[in-house]
Amino acid sequence: MARLADYFLLVGYDLNKRGSSIGQGRILQRFPEKDWEDNPFPQGIELFCQPSGWQLCAEKNPPTFFIAVLTDINSERHYCCCFTFWEECAQNVIDQRDGEAEEDAPLPSAAQLYAPKTLVLVSRLDHPEVFRDSLGLIYTIHTDGLSISLENVVGNLLTCTIPVTGGSQRTISLGAGDRQVIQTPICDSLPISNCSVALLFRQLGITNVLCLFCAALTEHKILFLSRSYQRLTESCRALLAIMFPLRYSFTYVPILPAQLLEVLSTPTPFIIGVSALFQAETQDLLDVIIADLDGGTVTIPECVQIPLLPEPLIHRMQDALSLVLDPSLQIADLAFPPSSITTSTLRMQDMEVRAVFLRLFAQILQGYRCCLQLIRVHPEPVIRFHKASFLGQRGLVEDDFLTKVLEGMAFAGFVTERGPPYRSLDLFDELVAYDVQKIQYQVGSQKNLMKHVQELAEKLYRNENPYPAVSMHKVQRPSEGSYLRPQSKAFPLLDESSIQWILDQAAAKMQNAPPAVRSEKKCMVPPGPPIAAIVERNGSALANSNRRLEVVRNCISYIFENKMLEAKKLHPAVLRALKGRAARLCLTQELNLHVQQNRAVLDHQQFDFVIRLMNCCLQDCTSLDEHSIAAALLPLVTAFCRKLSPGITQFAYSCVQEHLVWTNMQFWEAMFYGDVQNHIRALYVNSEEAESNMDEVEEEERSALELAAEQCRLWPTLPREKQLELIQKEESTVFSQAIHYANRMSYLLLPLDTSKSRLLRGGAGLGDTESVTNSFITNSMAGSVAESADTESGFEDSEVSDVANCVVRFITRFVDKVCTESGVTSDHLKGLHTMIPDIVQMHIETLDAVHRESKRLPPIQKPKLLRPTLLVGEDLVMEGLRVYLLPDGREEASGGSLGGPPLLPAEGALFLTTYRCIFKGTPVDPLVAEQTIVRSFPVASLTKEKKISVPAHLDQYVQEGLQLRSCTFQLLRVAFDEEVPSEISESFRKQLHKLRYPQDVHGTFPFSVCLSLQHTAQPRTKDKNPSIKTISKNLVKNAKKTIGRQYVTRRKYSPPSRDLRGSQNSLEQQGDNISVSEDLDRSTLTISTLKAPEKHSGGNIAERACCRDYQRMGLGTLSNSLTRAKNEPFRISTVNRMYAVCNSYPGLLIVPQTIQDNTLQKISRCYRQNRFPVVCWRSPRTKAVLLRSGGLHGKGVAGLFKSPNTASTGPSQTDSTSLEQEKYLQAVVTSMPRYAEMSGRNTLSAFPSAHLYDSPDKRQPKLGSLMKQVMGGKEDIRGGKWGSMRGSGRLSAYGMNSDVGTRLAARELLTPHQNGGPSEGALTPRRAALYIIGDKSQLKGVKQDPLQQWEVVPIELFDVRQVKASFKKLMKACVPSAPSTDPSLSYLRTLEDSEWLLQLHKLLQVSALVVELLDSSSSVLVGLEDGWDLTTEVVCLVQLLSDPYYRTIEGFRLLIEKEWLSFGHRFSHRGAHTAASQSNGFTPIFLQFLDCVHQIHLQFPSEFEFSQYYLKFVAYHYVSNRFRTFLLDSDYERIEKGVLYEEKGDRRSPQICRSVWEYMERIHKKNPMFYNYMFCPEDGEVLRPYSSVWGLRVWDYYTHEALSEGPSYDWELLQANQHEEPEKNDSSAPQTKRKVVWPSYHAPRRFQPDAITCLLEELQNLEMDLRPVPERWKEAWDKVKASHRTEVRHESRKSSALLMSSSVSSQRHSLGIYLQESGVGSTLNLNLESGPSTTSTPTGAGKLGARNSTSTLYNQFNTAERENRSYEGILYKRGAFMKPWKPRWFVLDKTKHQLRYYESRTDTECKGVIDLAEVEAISAGTPTLGSPKNVDERAYFDLKTTRRVYNFCAQDILQAQQWIDRIQSCLSDA
């Protein structure tokens, strides 16, 4: 029995303390006046009576009631029921207020004021309705003036006692004619919620309440806001109710007074309610979750992360709550909803919601009793929960929500309350024990779910209302509006003596009454079903298949049967299988079977194998799962051993110490308590067996908790002596286990070598983000412990101590903790403190002997180091360091999800030479251990080097690692072996850095390789550095001689014939000095000597790229006085022969004939780096020229576009410079024949404007805006077909004379002019003679002058810094350092983020624009940035696209030499070749250009003489620094260093090439690897590639590698590898032609060459049998082509009639590459061009009669044209805007995935093509103006593509449907 009410208070407004802003209340009376002994009076109640503050009101408010909850120091809750009403203030109070108004007047200004007064009832019982009625009755007696004594009512209320629990019904009366019924709950452990839970869900909604529920369980701060105090109390009550069976143990204040708002800043979690009046004060709380009950919102701060329920549970919870709270939702969509819905009452709905949460906890905590560890039974049970075991068995290790719940205070209280095995049960115990399986079966069945929920709800309701038929409840209430009546008197003070007398009488009765005994029905708590994982693990079926477990078992059997060879074969498979948890458990079980009598002695090999498996088993565990595995291995590591010598045994624990699990205090506690439980259980099992003869099997099956429950039941019946005996036995058991674990911990914490005392603090790898949790750090486990950031390790002060003291402190701390919790006596604990140092010292002495003997063991045999093949002149800087090559982010080599052999990790050596950094070794996996792994990169290409931590799965003693990244897209991640000291590895890094960044260019490899040879060859040196003046004289002299002779015999250039192209006769036969043949004498200049100019000394510069290309194009003369100069618009200027005007330009430059040299010097000042405009190429057809320069300076911009009509006050330097600059540009304009004939007025009357509409108010409005579109827009805008293999027409899709803007923007052809311009007969636009393309930032604000004949095109490209940043991201995307599962770091995402392809797209777009301008007879000046980066890229791409010569091997070399080398691209600066440029970093401008060429090559493979491998070769050696070609930044620097004339190799050392071109020329003579067999160019071909990002491809140079040979760009190394292979394959085994090609290991194109290469090799082998010197491949190739050309011409004459009837078939017959078989044998038959008899009509691009378009090469391999016509017929097609409907013959081609249309059925020329790949949708259409008449509306349909919408009309509905079906079918097939 308990008191219904403990205290009654009368609290009123304190008139004496009303001066402050908020008034105060005071307790007027309190009953009883003395505190109860069992329940002290709670202080501060007056604050909670008016939570918003005590204030006077001008109006009389109705009475209010709410319940505040106070919690005392013992965590008991006191319910303070506050009934508040208002009374009139006395007149003197109002008068005093008027007198104090000047000081502080919080009181309202009114004639009458009302003060609050509160009746308070304090109780420990929760009966809110009874309290409300009781206080209301007292108020009613006062207001209605009933003749009832208030003292009697209050006295009866305070003396009323009721049962706390038991389900009884009690009727009470307070003596005022009332009758109240109190129902006590059946079980007091279940919370009472009334209707609060249902109301909370109505106020906030399902999602918000679930969020608050998770926040409360994970210990976050929760704040409720409402204007209603009662709602605050009910909401807090509801939140606690749904948390059952967990009890909230933190701050709980449903109503917080205003004076205590600072409590909200407490750091501890809380659930608090605050009036909404103070909402502003809560805005600054950064870590508090605020639930606004009135607004229905929950606000979560950004810094708060609430872990939610795991996904299947939260989804089911939402569904179940929706079924309960909104049953009509399920039938909302029914066509025939039921007439009536059975809706639960609010009270039952409340119970149903609680039932749903009760089911949730039953699922979450299912099987929790299996993880309770019993430590003591007597005198009181001591229970501990094994969290790691619970999470591991449930498969919820990664679940953040459950982990935090188990770590919380609420769950700790749950274990304390529900852990004991013998206690009374409640609904949750029954549910979690018996109904868990039922809950799982109900998943997915709403009917069964609701049935079970309603059953649980009925039980909860019955607990609160055991007697539904309540007797008559009668309480008098005040009449309506009684509170508004004027009160004659205030609430009176009660007679204290009367109330005290009633209390005394009641106390006397209680003393005479017998003591009430609370009867509890205790029983054994049912354990429930065993744990079953409710969250299935992904991939568990694969990882833990029976096959893998069988492999583990077989391997263990082979080890213990001493079948080591078999075990070694299975070892890799076992290591892979051990990634799964089931395989690890299987390993521990199998090892346990081989332990006999706690000992298993092995030989050395067996011991090593077992240790390796144990380490692998431990290191693959997760942070929590490792406890179960380590727990199973703990007894095994003290069982397996080997004998080192007589009397000395080494146990396994000395070799498995390097795992952090051994330093985890929680692990040791769990292990200790588990063993204690087993021994306690054995203690009582044995005692019961001695007393009874029960079945042994049954006893074995009884758990420790069941035995403990039986003991607890018997405990009260045992005599005191027996009780003391059992307590002593249990204590002794715990004590003995503590000694045992002190030994065990010393085994695993003391290192084998205790003398080193290594304590790694801030050391090798634990803090590194790339390290693994259990990575091998050191042999000292104490060192690992000291490094651990876990504060529980106990090693915080280990810096000044040795290993022994650290271990002693750690064990002592462990012993103190577990013994205190287990109730070990203080005497025993002191004894343990004395024993621990002795145990540790004894073990150290044992380890010293073991360590001494273990050193004498023979070392493990490691693989022999393989030495790499070196180049001539390449020397080793450091001998090989034994390392492991680790896998990186490329999965191909590691044999992961992509399949294939696991080539990595590999064991071998890391070599450093003067040229390369090389790894060579063999895979660690025994299955592929016979393969050789090579990965290398040139030292000069190193971009980043950093130390890394080492993954743990390689070797037990690996210490540190290194990651080397190269711009050749190689990544070396190596881990140094234990035999490599840290000093050696550091020395390796220093040497690498020294080689990568030499102090001077003479320290690079191409200089050092020949240094000694050159000193011996040239002992005499007279002139170390010849002057620039001498060189310049020779330059001019030889250039005049060379170019003058060439001028006389010059003829128009045409590409070399097919017979001679690529041979040495191409230019040599002209008898000049511009040949680069090997047969000529080499330059005699050395590194420091330049001899007098002879035949080839000074003349070499004239032979270089510039002069050779100038004479090829017929550009310029050297003298102004020659008569022929009048006809030459350009001349070769020698103004820069001393490199004084611009030191980054070549010595000879092409400038307009009329411009003098002194003018050039003035103009150069206007341009950045003095790089003034010079001509670099001239179109042979239009004579338009391409110029290049640096960007304009500010003054150059101002002067260039200054109007010539502007008056000036006087001449100035700027004005004169501007004038000279204008003359220069005018001279360029007049150099073009067409513009020169127009007398300077550029009306372009000779150029019709096809399809160009413009407004008359703009001179050239389209080009500027178009350029913004081209450079600013993301989509590629074009018409017609340009790229792929090559389109069937050159310019037929555009028309030769259409405007450049129209060509680039195909949409202009499809849409009319927006400003209403004329559609026909439009005004002829005026095209500028010269376009100047420059940076938008430099040309900002420039206005065009209509009188000038040039126009500025400002574009916005990227800068060099963006290229550098983009390339870094590209390298990380193509060669990631580690695999990533993060979708944001996937290959395609990182590739897109790099923006590399976007930059290529922009370059190709600008180049295409320039090509169009040049092709339309306008000259172009490109001046971007400094003129040596982006400018070079653009002008090179333009020349490559415009001139077929540059697409030959010879021409491409000449283009690079001219534009990149002579015109001063800063190779050394951008490549960071020396220490001076190290800080600049690597910027791959030239590589970007090569990538653009690669993209063009992919689209036009038959236009290039060189292959893709040629481009990769140049890209590799551009950064390798093997040759001198790409060293230094300009010709000026090369002359200064004596390099310019030395690119030819030395005759006496033919193995060494100084120039990459010479090296490639030698290879090309021997092998066709650089030649493109598809080479079939056309004269005057201008290429127009696609530049859209979707049309670009990632270069395989970035992604492909061959680990069998390393990079394939050093030809001598590949030849050496080929000679080694036949020796390996030499065996008597039968040879087969089948070959296995592994990804990332072999190079497939070398492993299996193409058919033509194979035939040429076979031909060469046959010739070797016939003659001593075989014919070279090029000669054989040319002969085959020539003979085949003759056959084709002969056949074409026979079939001339056929050719005239069908030109298409003749092209298909005569073009392409095919093989014919003759009667005698197989003959190589190659046809790359058509005969001269083939004719065709010239089109817009030029004549196709001389040579047919190579687009027909595609048609050769297709079937006949009729076979490609999948469906055809007539459709009406609507033209562009304002154009009529016209019938066209449409052909649907499934093969080419096209929809073509013709004028008629017999027409052979296609009028247009719709690419079906661009089709987005087919929809029904509607007739429009001008559509065909008499046609049904349903015959219209529209075809929507990415470019436009096509409107079609069929002849009838049936045909329209057939067309739609056919097109849809074609789309679906694709």
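Residues numbered from 1 in each chain as written. Predicted model: local features only at pLDDT ≥ 70, side-chain atom pairs only at ≥ 80, totals over all residues. Heavy atoms only, no water.

## What to know about the overall build of the chain
Counting its regular elements, the chain contains 62 helices and 44 strands. Within the chain, the fraction of its 1870 residues that count as buried is 54%. As displayed, the chain offers around 84400 Å² of accessible surface, 51% of which is attributable to carbon and sulfur atoms. (Helix = DSSP H or I, 4+ residues; strand = E, 2+ residues; numbered from the N terminus. Buried < 20%, exposed > 50% of the residue type's maximum accessible area, 1.4 Å probe, protein only. Areas by Shrake-Rupley, 256 points an atom, 1.4 Å probe, with all protein chains shown as cover.)

## Things to note about the sheet that holds strand 4 (residues 64–71)
Read across the open sheet, the five strands follow the order 3-2-6-5-4; overall the sheet is antiparallel. Each end of this open sheet is capped by a strand with a single partner; those strands are strand 3 (25–31) and strand 4. Averaged over all pairs of adjacent strands, the angle between strand axes in this sheet comes to 25 degrees, irrespective of strand direction. Sheet topology note: the strand 2 (residues 7–13)/strand 6 (residues 114–123) ladder contains six bridges and is antiparallel. Of the residues in strand 6, the one forming a bridge with Leu9 is Val120. (Pairing = 2+ DSSP bridges. Axes fitted to C-alpha atoms, helices over the stretch in contact; angles between N-to-C directions.)

## Focus on helix 48 (residues 1449–1462)
For helix 48, built from 14 residues, the straight-helix expectation of 20 Å at 1.5 Å per residue is met to within 8% by its first-to-last C-alpha distance of 19 Å. With respect to burial, helix 48 is a largely interior element, 13 of its 14 residues being buried. Looking one or two places after helix 48, you find Gly1464, whose phi comes out positive at around 75 degrees. (Expected span 1.5 Å × (residues − 1).)

## What to know about the nonpolar core
Core analysis: the largest hydrophobic core is formed by 252 residues, its most contacted members being Phe8, Phe224, Ile271, Phe357, Met614, Phe640 and Trp668. When residues in this core are grouped by element, the largest group, 11 residues, is from helix 9 (residues 346–364). Ignoring sequence-local partners within four residues, the contact set of Phe640 consists of Phe560, Leu591, Val595, Ala600, Leu602, Phe607, Val610, Met614, Gln650, Phe651 and Ala652. (Core = buried A, V, L, I, M, F, W, Y, C linked by side-chain atoms within 4.5 Å. Contact = heavy atoms within 4.5 Å.)

## Overview of the packing of helix 5 (residues 196–204) against helix 6 (residues 206–217)
Look at helix 5 against helix 6: their axes get within 7 Å of each other, and the N-to-C directions meet at 115 degrees. Contacts from Leu200, Phe201 and Leu204 of helix 5 reach helix 6 at Ile206, Asn208, Val209 and Leu212. Of the residues contributing to the contact of helix 5 with helix 6, the split by class is six nonpolar, one polar and no charged. (Nonpolar A, V, L, I, M, F, W, Y, C, P; charged D, E, K, R; others polar.)

## Description of the environment of Gly889
Tracing the sequence through the fold places Gly889 in the loop between strand 22 (876–885) and strand 23 (906–913). Owing to a relative accessible area of 13%, Gly889 belongs among the buried residues under this scheme. Between the alpha carbons of Gly889 and Pro1376 there is a distance of 4.5 Å; along the sequence they are 487 residues apart. Those residues in contact with Gly889 that sit more than four places away from it in its chain are Pro1376, Ser1377, Ala1378 and Pro1379.

## Overview of the packing of aromatic side chains
Centre distance and the angle of the planes are the two values used to describe a pair of aromatic rings. For the structure on display, the rule yields 73 aromatic pairs. The side chain of Arg77 reaches across the aromatic face of Tyr252, ending 4.5 Å from its centre. Its guanidinium or amino end placed over the ring of Tyr1559, Arg1522 lies 4.5 Å from that ring's centre, counting from NZ or CZ. (Phe/Tyr/Trp six-rings, centres within 6.5 Å; stacked < 30°, edge-to-face > 60°. Lys NZ or Arg CZ within 6 Å of the ring centre and 35° of its normal.)

## Overview of the environment of Ile67
Locating Ile67 in the fold gives a position in strand 4. On the basis of relative accessible area, Ile67 is assigned to the buried category, the value being 1%. When sequence neighbours within four positions are dropped, the list of residues in contact with Ile67 reads Tyr79, Cys80, Cys81, Pro128, Gln230, Thr233 and Ile255.

## Overview of the packing of helix 50 (residues 1485–1499) against helix 51 (residues 1508–1520)
In the contact formed by helix 50 and helix 51, the axes pass within 10 Å of each other and the chain directions differ by 175 degrees. The orientation of helix 50 relative to helix 51 falls into the category roughly antiparallel. Contacts between helix 50 and helix 51 pair Ile1485, Phe1486, Leu1487, Leu1490, Val1493, His1494, His1497 and Leu1498 from the former with Gln1508, Leu1511, Val1514, Ala1515 and Tyr1518 from the latter. Each residue belonging to the contact of helix 50 with helix 51 can be placed in one class, and the counts come to 10 nonpolar, three polar and no charged. (Parallel < 35°, antiparallel > 145°, perpendicular 65-115°, else oblique.)

## Details of the sheet that holds strand 14 (residues 297–299)
On the basis of which strands lie adjacent, the open sheet formed by five strands has the order 11-12-10-13-14 and mixed pairing. With partners counted over all chains shown, the strands left at the sheet margins are strand 11 (251–253) and strand 14, one partner each. Recorded for the sheet is a direction-independent mean angle of 20 degrees between the axes of neighbouring strands. Where strand 13 (residues 288–292) and strand 14 come together, three bridges link them in antiparallel fashion. Following the sheet pairing, Asp292 is matched in strand 14 by Thr297. Taken strand by strand, helix 7 (residues 229–242) contacts strand 10 (221–226), strand 11 and strand 12 (270–275), and its axis lies near 145 degrees from that of strand 10.

## As for the confidence of the model for the chain
Here the chain shows a mean pLDDT of 75. Residues at 70 or above account for 73%. For the stretch residues 98–105, pLDDT sits under 50, and the model shows four contacts to residues farther than four places along the chain or on other chains. Counting contacts from residues 1202–1211, a segment whose pLDDT is below 50, to residues more than four positions away or on other chains yields eight contacts. (pLDDT = per-residue confidence, 0-100.)

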